Amino acid sequence: MSGAAPAFIDFEKYSEHVPASIPAAVQQATNRFVAGRAARAAELPQWEQLRQIGSDIRLHTIENMDVYLTRLEQKVVSAGGYVHWAETAEDAQRIVLQIAKEHKVKKVVKSKSMATEEIHLNRFLELADIEAIETDLGEYIIQLAGTGPSHIIVPAVHLKKEEIAALFSEKLHMDAPTDPVELARIAREVLREKFLNAEMGISGGNFLVAETGTLVMVTNEGNGRMCTTMPDLHVAVVGIDKVIPDWESLTVFLKLLARSATGQKLSTYTQFITGPRREEGEFGPKEFHLILLDNGRSKILKDPVGRDVLKCIRCGACANVCPVYKNVGGFAYGSFISGPIGAILTPQILGTQAARELPFASTLCGACADVCPVKIPIPTILRHLRRRVAEGDEFSLPAMPAPIRTIAGLTSLALAWNWIYRIGARLLPVVNPFFRRDNWLSGMPYPLSRWTKIRPLPPFSARFRQWWNIRSAREKESSR
Ligand code: SF4
(Lines give C-alpha, C1' and ligand atoms only; values in the text may rest on other atoms or scores of the structure.)
Protein backbone atom coordinates (compact mmCIF):
# COMPACT_ATOMS: atom_id res chain seq x y z
CA MET A 1 0.00 0.00 0.00
CA SER A 2 1.24 3.46 -0.77
CA GLY A 3 0.68 6.95 0.53
CA ALA A 4 2.15 9.11 3.24
CA ALA A 5 2.50 7.40 6.59
CA PRO A 6 -0.23 8.76 8.86
CA ALA A 7 0.01 9.23 12.61
CA PHE A 8 -1.15 5.81 13.66
CA ILE A 9 -0.65 3.57 10.66
CA ASP A 10 2.93 2.47 10.71
CA PHE A 11 3.18 0.90 7.26
CA GLU A 12 6.93 0.41 7.57
CA LYS A 13 6.62 -1.34 10.90
CA TYR A 14 3.97 -3.67 9.60
CA SER A 15 5.19 -4.20 6.06
CA GLU A 16 8.54 -5.56 7.18
CA HIS A 17 6.59 -8.38 8.83
CA VAL A 18 4.44 -9.25 5.82
CA PRO A 19 5.55 -12.78 4.93
CA ALA A 20 6.41 -13.56 1.30
CA SER A 21 3.67 -16.18 1.36
CA ILE A 22 0.92 -16.48 3.91
CA PRO A 23 1.71 -19.46 6.11
CA ALA A 24 -0.60 -22.42 6.02
CA ALA A 25 -1.21 -21.69 9.71
CA VAL A 26 -3.42 -18.71 8.78
CA GLN A 27 -5.51 -20.77 6.38
CA GLN A 28 -5.74 -23.68 8.81
CA ALA A 29 -6.75 -21.55 11.80
CA THR A 30 -9.31 -19.50 9.89
CA ASN A 31 -10.78 -22.63 8.25
CA ARG A 32 -11.06 -24.28 11.67
CA PHE A 33 -12.86 -21.24 13.08
CA VAL A 34 -15.21 -21.08 10.08
CA ALA A 35 -16.14 -24.76 10.49
CA GLY A 36 -16.54 -24.35 14.26
CA ARG A 37 -18.75 -21.31 13.86
CA ALA A 38 -20.96 -23.08 11.32
CA ALA A 39 -21.33 -26.12 13.60
CA ARG A 40 -22.21 -24.06 16.70
CA ALA A 41 -24.65 -21.88 14.73
CA ALA A 42 -26.36 -24.98 13.33
CA GLU A 43 -26.95 -26.22 16.89
CA LEU A 44 -29.12 -23.22 17.66
CA PRO A 45 -32.34 -23.22 15.63
CA GLN A 46 -32.88 -19.59 16.66
CA TRP A 47 -29.41 -18.48 15.48
CA GLU A 48 -30.67 -16.04 12.84
CA GLN A 49 -33.16 -14.52 15.31
CA LEU A 50 -30.34 -14.18 17.81
CA ARG A 51 -28.24 -12.29 15.24
CA GLN A 52 -31.17 -9.99 14.56
CA ILE A 53 -31.74 -9.35 18.27
CA GLY A 54 -28.01 -8.70 18.73
CA SER A 55 -28.04 -6.27 15.83
CA ASP A 56 -31.13 -4.47 17.17
CA ILE A 57 -29.66 -4.12 20.66
CA ARG A 58 -26.38 -2.73 19.33
CA LEU A 59 -28.20 -0.28 17.08
CA HIS A 60 -30.44 0.85 19.93
CA THR A 61 -27.38 1.29 22.16
CA ILE A 62 -25.37 3.36 19.73
CA GLU A 63 -28.42 5.53 19.05
CA ASN A 64 -28.73 6.15 22.81
CA MET A 65 -25.07 6.03 23.71
CA ASP A 66 -25.17 9.20 25.80
CA VAL A 67 -27.88 7.75 28.05
CA TYR A 68 -26.11 4.43 28.60
CA LEU A 69 -22.66 5.95 29.08
CA THR A 70 -24.01 8.35 31.71
CA ARG A 71 -25.72 5.45 33.51
CA LEU A 72 -22.54 3.40 33.29
CA GLU A 73 -20.45 6.20 34.78
CA GLN A 74 -22.85 6.65 37.71
CA LYS A 75 -22.81 2.93 38.47
CA VAL A 76 -19.02 2.57 38.25
CA VAL A 77 -18.55 5.55 40.58
CA SER A 78 -21.15 4.29 43.05
CA ALA A 79 -19.31 0.93 43.08
CA GLY A 80 -16.15 2.78 44.14
CA GLY A 81 -14.40 3.05 40.77
CA TYR A 82 -13.06 6.07 38.86
CA VAL A 83 -14.21 6.97 35.36
CA HIS A 84 -12.06 8.99 32.94
CA TRP A 85 -13.16 10.27 29.53
CA ALA A 86 -10.51 10.19 26.83
CA GLU A 87 -11.45 12.14 23.74
CA THR A 88 -8.33 11.13 21.81
CA ALA A 89 -5.69 8.40 21.85
CA GLU A 90 -3.24 10.90 23.34
CA ASP A 91 -5.71 11.71 26.16
CA ALA A 92 -5.99 8.01 27.00
CA GLN A 93 -2.21 7.62 27.03
CA ARG A 94 -1.84 10.67 29.26
CA ILE A 95 -4.47 9.43 31.73
CA VAL A 96 -2.81 6.00 32.02
CA LEU A 97 0.56 7.65 32.61
CA GLN A 98 -0.86 10.03 35.20
CA ILE A 99 -2.41 7.14 37.18
CA ALA A 100 0.86 5.19 36.90
CA LYS A 101 2.91 8.16 38.13
CA GLU A 102 0.57 8.83 41.06
CA HIS A 103 1.13 5.24 42.20
CA LYS A 104 4.85 5.16 41.33
CA VAL A 105 4.25 2.27 38.91
CA LYS A 106 7.23 0.83 37.04
CA LYS A 107 5.89 -2.62 36.11
CA VAL A 108 2.61 -3.31 34.35
CA VAL A 109 0.95 -6.55 33.26
CA LYS A 110 -1.54 -6.34 30.43
CA SER A 111 -4.29 -8.57 29.17
CA LYS A 112 -5.25 -8.59 25.49
CA SER A 113 -6.92 -5.36 24.43
CA MET A 114 -7.61 -3.95 20.96
CA ALA A 115 -8.22 -0.51 22.50
CA THR A 116 -4.66 -0.36 23.84
CA GLU A 117 -3.39 -1.54 20.44
CA GLU A 118 -5.37 1.32 18.92
CA ILE A 119 -3.68 3.92 21.16
CA HIS A 120 -0.24 2.25 20.95
CA LEU A 121 -0.04 2.15 24.71
CA ASN A 122 2.90 -0.23 25.04
CA ARG A 123 5.17 1.93 22.94
CA PHE A 124 4.07 5.00 24.90
CA LEU A 125 4.69 3.39 28.31
CA GLU A 126 8.06 2.12 27.17
CA LEU A 127 9.07 5.68 26.30
CA ALA A 128 7.96 6.71 29.80
CA ASP A 129 10.28 4.04 31.25
CA ILE A 130 7.45 1.76 32.38
CA GLU A 131 7.66 -1.95 31.57
CA ALA A 132 4.33 -3.18 30.15
CA ILE A 133 4.23 -6.93 29.54
CA GLU A 134 1.54 -8.62 27.48
CA THR A 135 0.33 -11.77 29.25
CA ASP A 136 -1.99 -13.35 26.68
CA LEU A 137 0.21 -16.00 25.04
CA GLY A 138 -0.35 -14.75 21.49
CA GLU A 139 0.16 -11.12 22.53
CA TYR A 140 3.29 -12.07 24.49
CA ILE A 141 4.71 -13.75 21.37
CA ILE A 142 4.07 -10.76 19.12
CA GLN A 143 5.44 -8.41 21.76
CA LEU A 144 8.68 -10.42 21.73
CA ALA A 145 8.59 -10.29 17.91
CA GLY A 146 8.08 -6.52 18.00
CA THR A 147 4.97 -6.49 15.81
CA GLY A 148 1.27 -5.82 16.22
CA PRO A 149 -1.43 -8.51 16.08
CA SER A 150 -2.22 -10.07 12.71
CA HIS A 151 -5.70 -11.26 13.74
CA ILE A 152 -8.20 -9.83 16.23
CA ILE A 153 -8.48 -12.92 18.39
CA VAL A 154 -5.38 -14.91 17.40
CA PRO A 155 -2.66 -12.25 17.35
CA ALA A 156 0.21 -14.60 16.40
CA VAL A 157 -1.74 -16.71 13.92
CA HIS A 158 0.86 -16.05 11.20
CA LEU A 159 3.71 -17.69 13.14
CA LYS A 160 4.64 -21.38 12.99
CA LYS A 161 5.72 -23.22 16.14
CA GLU A 162 9.29 -23.39 14.80
CA GLU A 163 9.35 -19.61 14.41
CA ILE A 164 8.00 -19.14 17.94
CA ALA A 165 10.66 -21.51 19.29
CA ALA A 166 13.37 -19.53 17.48
CA LEU A 167 11.94 -16.29 18.89
CA PHE A 168 11.88 -17.62 22.46
CA SER A 169 15.43 -18.92 22.04
CA GLU A 170 16.67 -15.54 20.88
CA LYS A 171 14.74 -13.27 23.25
CA LEU A 172 14.71 -15.43 26.36
CA HIS A 173 18.30 -16.66 25.90
CA MET A 174 17.52 -20.35 25.96
CA ASP A 175 17.22 -23.36 23.70
CA ALA A 176 13.43 -23.49 23.28
CA PRO A 177 11.85 -26.69 21.89
CA THR A 178 9.21 -26.62 19.13
CA ASP A 179 6.60 -28.46 21.21
CA PRO A 180 3.63 -26.03 21.68
CA VAL A 181 2.91 -27.34 25.20
CA GLU A 182 6.50 -26.72 26.22
CA LEU A 183 6.47 -23.26 24.65
CA ALA A 184 3.32 -22.38 26.63
CA ARG A 185 4.98 -23.67 29.81
CA ILE A 186 8.04 -21.48 29.22
CA ALA A 187 5.86 -18.41 28.68
CA ARG A 188 3.83 -19.23 31.81
CA GLU A 189 6.99 -19.46 33.88
CA VAL A 190 8.29 -16.08 32.67
CA LEU A 191 4.93 -14.42 33.11
CA ARG A 192 4.28 -15.77 36.61
CA GLU A 193 7.15 -13.66 37.91
CA LYS A 194 5.76 -10.63 36.05
CA PHE A 195 2.31 -11.09 37.64
CA LEU A 196 3.83 -11.30 41.11
CA ASN A 197 5.86 -8.11 40.72
CA ALA A 198 3.44 -5.90 38.76
CA GLU A 199 2.11 -2.78 40.45
CA MET A 200 -0.62 -2.20 37.90
CA GLY A 201 -2.82 -4.35 35.65
CA ILE A 202 -4.17 -2.98 32.36
CA SER A 203 -7.02 -4.61 30.49
CA GLY A 204 -9.51 -3.90 27.79
CA GLY A 205 -13.07 -5.13 27.99
CA ASN A 206 -15.56 -6.92 25.76
CA PHE A 207 -18.67 -5.25 27.16
CA LEU A 208 -19.65 -2.57 29.65
CA VAL A 209 -23.00 -3.28 31.29
CA ALA A 210 -24.62 0.11 31.96
CA GLU A 211 -27.22 -1.36 34.33
CA THR A 212 -24.63 -2.14 37.03
CA GLY A 213 -21.40 -0.52 35.81
CA THR A 214 -19.83 -3.93 35.16
CA LEU A 215 -16.82 -4.56 32.94
CA VAL A 216 -17.11 -7.92 31.19
CA MET A 217 -14.02 -9.74 29.94
CA VAL A 218 -14.28 -12.86 27.79
CA THR A 219 -11.03 -14.84 27.53
CA ASN A 220 -9.63 -18.29 27.00
CA GLU A 221 -6.57 -17.95 29.18
CA GLY A 222 -6.42 -17.22 32.90
CA ASN A 223 -4.18 -14.21 32.34
CA GLY A 224 -7.07 -11.73 32.26
CA ARG A 225 -8.07 -12.68 35.79
CA MET A 226 -4.47 -12.49 36.98
CA CYS A 227 -4.01 -8.99 35.47
CA THR A 228 -7.18 -7.68 37.04
CA THR A 229 -6.91 -9.29 40.49
CA MET A 230 -3.23 -9.58 41.43
CA PRO A 231 -1.98 -5.97 41.25
CA ASP A 232 -3.63 -3.49 43.63
CA LEU A 233 -4.36 -1.18 40.73
CA HIS A 234 -6.50 -2.05 37.69
CA VAL A 235 -6.93 0.28 34.72
CA ALA A 236 -9.33 -0.74 31.97
CA VAL A 237 -9.14 1.07 28.61
CA VAL A 238 -12.38 0.48 26.71
CA GLY A 239 -13.98 2.08 23.65
CA ILE A 240 -17.25 3.89 24.35
CA ASP A 241 -18.91 1.62 21.78
CA LYS A 242 -18.58 -1.35 24.14
CA VAL A 243 -21.44 -0.19 26.34
CA ILE A 244 -24.59 -2.36 26.40
CA PRO A 245 -27.81 -1.65 28.30
CA ASP A 246 -28.19 -4.56 30.73
CA TRP A 247 -27.52 -8.15 31.72
CA GLU A 248 -30.31 -9.47 29.53
CA SER A 249 -28.52 -8.00 26.50
CA LEU A 250 -25.28 -9.53 27.71
CA THR A 251 -26.74 -13.04 27.51
CA VAL A 252 -27.41 -12.46 23.79
CA PHE A 253 -23.86 -11.29 23.10
CA LEU A 254 -22.23 -14.05 25.12
CA LYS A 255 -24.13 -16.56 22.96
CA LEU A 256 -23.05 -14.80 19.77
CA LEU A 257 -19.44 -13.91 20.58
CA ALA A 258 -17.67 -17.21 21.34
CA ARG A 259 -19.64 -19.11 18.71
CA SER A 260 -18.74 -16.57 16.02
CA ALA A 261 -15.13 -16.14 17.13
CA THR A 262 -13.72 -19.58 17.85
CA GLY A 263 -16.68 -21.93 17.43
CA GLN A 264 -16.95 -22.41 21.20
CA LYS A 265 -20.27 -22.40 23.02
CA LEU A 266 -18.73 -20.14 25.63
CA SER A 267 -15.19 -18.92 26.18
CA THR A 268 -13.25 -20.54 29.03
CA TYR A 269 -13.45 -17.48 31.29
CA THR A 270 -16.16 -14.86 31.53
CA GLN A 271 -15.19 -12.32 34.13
CA PHE A 272 -17.37 -9.60 35.67
CA ILE A 273 -15.74 -6.62 37.38
CA THR A 274 -17.87 -4.07 39.20
CA GLY A 275 -15.58 -1.53 40.85
CA PRO A 276 -12.66 -2.40 43.16
CA ARG A 277 -12.77 -5.03 45.92
CA ARG A 278 -15.02 -4.04 48.80
CA GLU A 279 -13.22 -5.54 51.79
CA GLU A 280 -9.79 -6.82 52.73
CA GLY A 281 -9.49 -10.49 51.88
CA GLU A 282 -11.78 -10.21 48.85
CA PHE A 283 -10.43 -10.77 45.33
CA GLY A 284 -9.63 -7.80 43.16
CA PRO A 285 -7.68 -4.55 43.09
CA LYS A 286 -7.86 -1.80 45.70
CA GLU A 287 -8.38 0.78 42.97
CA PHE A 288 -10.28 0.47 39.71
CA HIS A 289 -10.10 3.02 36.89
CA LEU A 290 -12.18 2.88 33.72
CA ILE A 291 -10.91 4.96 30.79
CA LEU A 292 -13.66 5.47 28.23
CA LEU A 293 -12.00 5.94 24.86
CA ASP A 294 -13.73 8.02 22.22
CA ASN A 295 -10.93 8.53 19.65
CA GLY A 296 -13.26 9.44 16.80
CA ARG A 297 -16.19 7.23 17.75
CA SER A 298 -18.60 10.09 18.44
CA LYS A 299 -17.69 11.50 15.04
CA ILE A 300 -18.53 8.13 13.46
CA LEU A 301 -21.94 8.30 15.17
CA LYS A 302 -22.83 11.28 12.98
CA ASP A 303 -22.44 9.26 9.77
CA PRO A 304 -25.74 7.41 9.23
CA VAL A 305 -24.10 4.73 7.06
CA GLY A 306 -20.67 4.41 8.67
CA ARG A 307 -21.89 4.29 12.26
CA ASP A 308 -23.02 0.66 11.97
CA VAL A 309 -19.35 -0.20 12.49
CA LEU A 310 -19.86 0.67 16.17
CA LYS A 311 -22.08 -2.42 16.51
CA CYS A 312 -18.99 -4.62 16.22
CA ILE A 313 -18.28 -7.07 19.04
CA ARG A 314 -14.76 -7.90 17.74
CA CYS A 315 -15.31 -11.61 17.10
CA GLY A 316 -13.06 -11.77 14.02
CA ALA A 317 -15.52 -13.95 12.06
CA CYS A 318 -15.41 -11.53 9.12
CA ALA A 319 -11.63 -11.99 8.77
CA ASN A 320 -11.93 -15.77 8.92
CA VAL A 321 -14.14 -15.88 5.82
CA CYS A 322 -12.57 -12.99 3.92
CA PRO A 323 -10.75 -14.13 0.74
CA VAL A 324 -8.56 -11.03 0.88
CA TYR A 325 -7.53 -11.52 4.52
CA LYS A 326 -6.89 -15.22 3.99
CA ASN A 327 -4.54 -14.44 1.11
CA VAL A 328 -2.69 -11.36 2.31
CA GLY A 329 -2.77 -11.85 6.11
CA GLY A 330 -3.29 -9.24 8.82
CA PHE A 331 -0.14 -7.11 8.45
CA ALA A 332 -1.00 -6.09 4.90
CA TYR A 333 -3.77 -3.89 6.37
CA GLY A 334 -1.07 -1.80 8.10
CA SER A 335 -3.48 -1.10 10.89
CA PHE A 336 -4.13 -1.87 14.57
CA ILE A 337 -7.09 -3.99 13.46
CA SER A 338 -7.09 -6.12 10.32
CA GLY A 339 -9.63 -7.87 8.12
CA PRO A 340 -12.94 -6.46 6.88
CA ILE A 341 -13.68 -4.80 10.23
CA GLY A 342 -10.32 -3.02 10.01
CA ALA A 343 -11.15 -1.88 6.47
CA ILE A 344 -14.27 -0.08 7.71
CA LEU A 345 -13.14 0.97 11.19
CA THR A 346 -9.63 2.33 10.63
CA PRO A 347 -10.55 4.90 7.95
CA GLN A 348 -13.33 6.17 10.19
CA ILE A 349 -11.16 6.37 13.33
CA LEU A 350 -8.02 7.76 11.72
CA GLY A 351 -9.67 9.54 8.79
CA THR A 352 -9.95 8.62 5.13
CA GLN A 353 -6.73 10.50 4.40
CA ALA A 354 -4.75 8.28 6.76
CA ALA A 355 -6.25 4.97 5.60
CA ARG A 356 -7.60 5.70 2.14
CA GLU A 357 -6.57 2.35 0.61
CA LEU A 358 -8.35 0.19 3.17
CA PRO A 359 -11.95 0.52 1.85
CA PHE A 360 -10.61 -0.80 -1.47
CA ALA A 361 -9.02 -3.88 0.16
CA SER A 362 -12.08 -5.97 -0.53
CA THR A 363 -13.71 -7.93 -3.32
CA LEU A 364 -17.17 -6.91 -1.99
CA CYS A 365 -18.12 -10.59 -2.07
CA GLY A 366 -20.28 -10.12 1.03
CA ALA A 367 -19.04 -13.20 2.94
CA CYS A 368 -18.20 -10.96 5.92
CA ALA A 369 -21.73 -9.59 6.21
CA ASP A 370 -23.17 -13.11 5.98
CA VAL A 371 -21.32 -14.25 9.09
CA CYS A 372 -21.29 -11.07 11.16
CA PRO A 373 -23.16 -11.89 14.40
CA VAL A 374 -24.55 -8.36 14.65
CA LYS A 375 -25.34 -7.99 10.95
CA ILE A 376 -23.00 -5.13 10.12
CA PRO A 377 -23.46 -4.39 6.39
CA ILE A 378 -19.72 -4.34 5.74
CA PRO A 379 -19.88 -4.16 1.90
CA THR A 380 -22.33 -1.23 2.09
CA ILE A 381 -19.99 0.65 4.44
CA LEU A 382 -17.01 -0.18 2.21
CA ARG A 383 -18.80 1.30 -0.81
CA HIS A 384 -19.80 4.33 1.27
CA LEU A 385 -16.17 4.87 2.34
CA ARG A 386 -14.95 4.43 -1.24
CA ARG A 387 -17.32 7.19 -2.20
CA ARG A 388 -16.00 9.38 0.63
CA VAL A 389 -12.43 8.78 -0.54
CA ALA A 390 -13.35 9.51 -4.17
CA GLU A 391 -15.41 12.62 -3.48
CA GLY A 392 -13.47 13.90 -0.46
CA ASP A 393 -14.74 14.49 3.06
CA GLU A 394 -13.71 16.33 6.20
CA PHE A 395 -10.45 14.32 6.31
CA SER A 396 -9.33 14.33 2.70
CA LEU A 397 -9.48 16.05 -0.66
CA PRO A 398 -11.22 14.15 -3.46
CA ALA A 399 -9.05 11.29 -4.74
CA MET A 400 -10.93 11.29 -8.06
CA PRO A 401 -10.09 14.11 -10.53
CA ALA A 402 -12.92 16.57 -11.22
CA PRO A 403 -13.61 15.47 -14.88
CA ILE A 404 -13.91 11.82 -13.83
CA ARG A 405 -16.20 12.80 -10.97
CA THR A 406 -18.39 14.73 -13.43
CA ILE A 407 -18.61 11.73 -15.78
CA ALA A 408 -19.33 9.38 -12.86
CA GLY A 409 -22.02 11.78 -11.59
CA LEU A 410 -23.70 11.97 -15.03
CA THR A 411 -23.57 8.19 -15.40
CA SER A 412 -25.17 7.64 -12.01
CA LEU A 413 -27.86 10.20 -12.90
CA ALA A 414 -28.58 8.39 -16.16
CA LEU A 415 -28.81 5.04 -14.43
CA ALA A 416 -31.05 6.41 -11.67
CA TRP A 417 -33.58 8.12 -14.02
CA ASN A 418 -35.16 5.96 -16.65
CA TRP A 419 -36.10 8.83 -19.00
CA ILE A 420 -32.55 10.20 -19.03
CA TYR A 421 -31.27 6.72 -19.79
CA ARG A 422 -33.73 6.37 -22.69
CA ILE A 423 -32.83 9.73 -24.22
CA GLY A 424 -29.14 8.90 -23.84
CA ALA A 425 -29.66 5.51 -25.49
CA ARG A 426 -31.36 7.21 -28.48
CA LEU A 427 -28.67 9.85 -28.79
CA LEU A 428 -25.72 7.48 -28.65
CA PRO A 429 -25.98 6.02 -32.18
CA VAL A 430 -26.27 9.56 -33.52
CA VAL A 431 -23.21 11.02 -31.74
CA ASN A 432 -21.05 7.88 -31.80
CA PRO A 433 -19.58 8.40 -35.35
CA PHE A 434 -18.63 11.98 -34.44
CA PHE A 435 -16.61 10.85 -31.38
CA ARG A 436 -14.99 8.03 -33.36
CA ARG A 437 -13.85 10.18 -36.33
CA ASP A 438 -10.03 9.92 -36.70
CA ASN A 439 -9.84 8.66 -33.11
CA TRP A 440 -9.59 12.30 -32.03
CA LEU A 441 -10.52 11.40 -28.43
CA SER A 442 -7.03 9.93 -27.99
CA GLY A 443 -5.71 13.48 -27.91
CA MET A 444 -7.73 14.41 -24.80
CA PRO A 445 -5.81 16.20 -22.05
CA TYR A 446 -4.62 14.45 -18.87
CA PRO A 447 -6.10 12.70 -16.89
CA LEU A 448 -8.68 11.65 -19.53
CA SER A 449 -5.81 10.72 -21.88
CA ARG A 450 -4.84 7.92 -19.50
CA TRP A 451 -7.98 6.16 -20.68
CA THR A 452 -8.53 7.46 -24.22
CA LYS A 453 -4.94 6.98 -25.44
CA ILE A 454 -5.09 3.23 -25.07
CA ARG A 455 -8.82 2.55 -25.50
CA PRO A 456 -10.38 3.75 -28.79
CA LEU A 457 -14.14 4.28 -28.63
CA PRO A 458 -15.85 1.22 -30.13
CA PRO A 459 -18.59 1.59 -32.77
CA PHE A 460 -22.09 1.68 -31.38
CA SER A 461 -23.75 -1.66 -32.11
CA ALA A 462 -27.26 -1.68 -30.65
CA ARG A 463 -29.29 -0.29 -27.76
CA PHE A 464 -29.61 -2.66 -24.81
CA ARG A 465 -33.35 -3.14 -25.32
CA GLN A 466 -32.89 -3.82 -29.03
CA TRP A 467 -30.11 -6.31 -28.26
CA TRP A 468 -32.27 -7.96 -25.58
CA ASN A 469 -35.26 -8.32 -27.94
CA ILE A 470 -33.11 -9.81 -30.70
CA ARG A 471 -31.54 -12.24 -28.21
CA SER A 472 -34.95 -13.29 -26.81
CA ALA A 473 -36.34 -13.82 -30.32
CA ARG A 474 -33.33 -16.03 -31.21
CA GLU A 475 -33.77 -18.08 -28.04
CA LYS A 476 -37.45 -18.60 -28.79
CA GLU A 477 -36.59 -19.64 -32.33
CA SER A 478 -34.02 -22.21 -31.23
CA SER A 479 -36.31 -23.70 -28.55
CA ARG A 480 -39.04 -24.51 -31.11
S1 SF4 B 1 -17.62 -6.80 11.93
FE2 SF4 B 1 -18.97 -8.45 12.67
S3 SF4 B 1 -17.87 -10.31 12.10
FE4 SF4 B 1 -16.35 -8.66 12.01
S5 SF4 B 1 -15.39 -8.60 14.01
FE6 SF4 B 1 -17.11 -7.16 14.09
S7 SF4 B 1 -18.83 -8.35 14.89
FE8 SF4 B 1 -17.28 -9.81 14.22
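See the structure printed just above.
Below is a summary of the structure that appears in this document. Note on numbering: residues in each chain are counted from 1, in written sequence order. The predicted origin of the model limits local features to residues at a pLDDT of at least 70 and limits the giving and counting of side-chain atom pairs to 80 or more, whereas totals for whole chains, interfaces and linings rest on all residues. The side-chain values count all of the structure's non-hydrogen atoms but skip hydrogen atoms and water molecules.

Aromatic rings from Phe, Tyr and Trp, taking only the six-membered ring of Trp, are treated as a pair when their centres fall within 6.5 Å; an angle between ring planes under 30 degrees marks them as stacked, one over 60 as edge-to-face, and anything in between as tilted. As enumerated under the stated definition, the model contains eight aromatic pairs in all. Cluster of aromatic residues (ring-pair linked, three or more members): Phe434, Phe435 and Trp440. The ring of phenylalanine 253 is capped by arginine 58, whose NZ or CZ atom sits 6.0 Å from the centre of that ring. Two conditions define a charge sitting above a ring: the NZ of Lys or the CZ of Arg must be within 6 Å of the ring centre, and it must be within 35 degrees of the ring normal. We note arginine 455 situated over the ring of tryptophan 451; from NZ or CZ to the ring centre the distance is 4.2 Å.

Moving on: the packing of helix 8 (residues 137–145) against helix 9 (residues 161–171). Interaxial angles span 0 to 180 degrees and are taken between N-to-C directions of axes, which are lines fitted to C-alpha atoms, for helices over the stretch in contact. Numbering of helices and strands runs from the N terminus; a helix is a DSSP stretch of H or I covering at least four residues, while a strand is a stretch of E covering at least two. Direction vectors running N to C along helix 8 and helix 9 enclose 60°, while the axes themselves pass 10 Å from each other. One way to sum up the angle between helix 8 and helix 9 is to call them oblique. Crossing hand, helix 8 versus helix 9: left-handed. Facing Tyr140, Ile141, Leu144 and Ala145 of helix 8, the residues of helix 9 in contact are Ile164, Leu167, Phe168 and Lys171. In this classification, the charged set is Asp, Glu, Lys and Arg, the nonpolar set is Ala, Val, Leu, Ile, Met, Phe, Trp, Tyr, Cys and Pro, and all remaining amino acids, among them Gly, are polar. Counted by class, the contact of helix 8 with helix 9 contains seven nonpolar, no polar and one charged residues. Note on angle classes: values under 35 degrees are labelled roughly parallel, values over 145 roughly antiparallel, values of 65 to 115 roughly perpendicular, and the remainder oblique. Helix crossings are classified by the rotation of the near helix relative to the far one: an anticlockwise turn of less than a right angle makes the crossing left-handed, while a clockwise turn makes it right-handed. What makes two residues a contact is simply this: any of their non-hydrogen atoms within 4.5 Å.

Moving on, we get to the sheet that holds strand 9 (residues 269–273). Two strands are counted as paired when DSSP detects at least two bridges linking them. With mixed pairing, the four strands of this open sheet are ordered in space as 8-5-6-9. Each edge of the sheet is formed by a strand with only one pairing partner; in this case those strands are strand 8 (243–244) and strand 9. As paired strands, strand 5 (residues 207–209) and strand 8 are joined by two bridges and run parallel to one another. When the sheet's bridge partners are listed, leucine 208 is paired in strand 8 with valine 243.

This part is about empty space enclosed by the protein. The way it works is a 1 Å grid over only the protein atoms, where trapped points that fit a 1.4 Å probe form a cavity and open points with protein on both sides within 12 Å along at least five of seven lines form a pocket, and then any residue with an atom within 4 Å of a point lines it. Grid points are joined across faces, edges and corners, and a volume is the space filled by probe spheres set on the points. Throughout the structure, instances matching the rule amount to three cavities of 30 Å³ or more. Of the pockets and cavities examined, the largest cavity occupies roughly 100 Å³. Lining of the largest cavity is provided by 15 residues; of these, Cys312, Cys315, Cys318, Cys372 and Ile376 occupy positions nearest its centre. Breaking the lining of the largest cavity down by element, the ones donating at least two residues are helix 14 (317–321) and helix 16 (339–350). Split into classes, the residues belonging to the lining of the largest cavity amount to 13 nonpolar, one polar and one charged. By volume, the second largest cavity is sized at about 70 Å³. Cys322, Pro323, Pro340, Ala361, Ser362, Thr363, Leu364, Cys365, Gly366, Cys368, Pro379 and Leu382 are the residues that line the second largest cavity. Tallied by class, the residues present in the lining of the second largest cavity amount to nine nonpolar, three polar and no charged.

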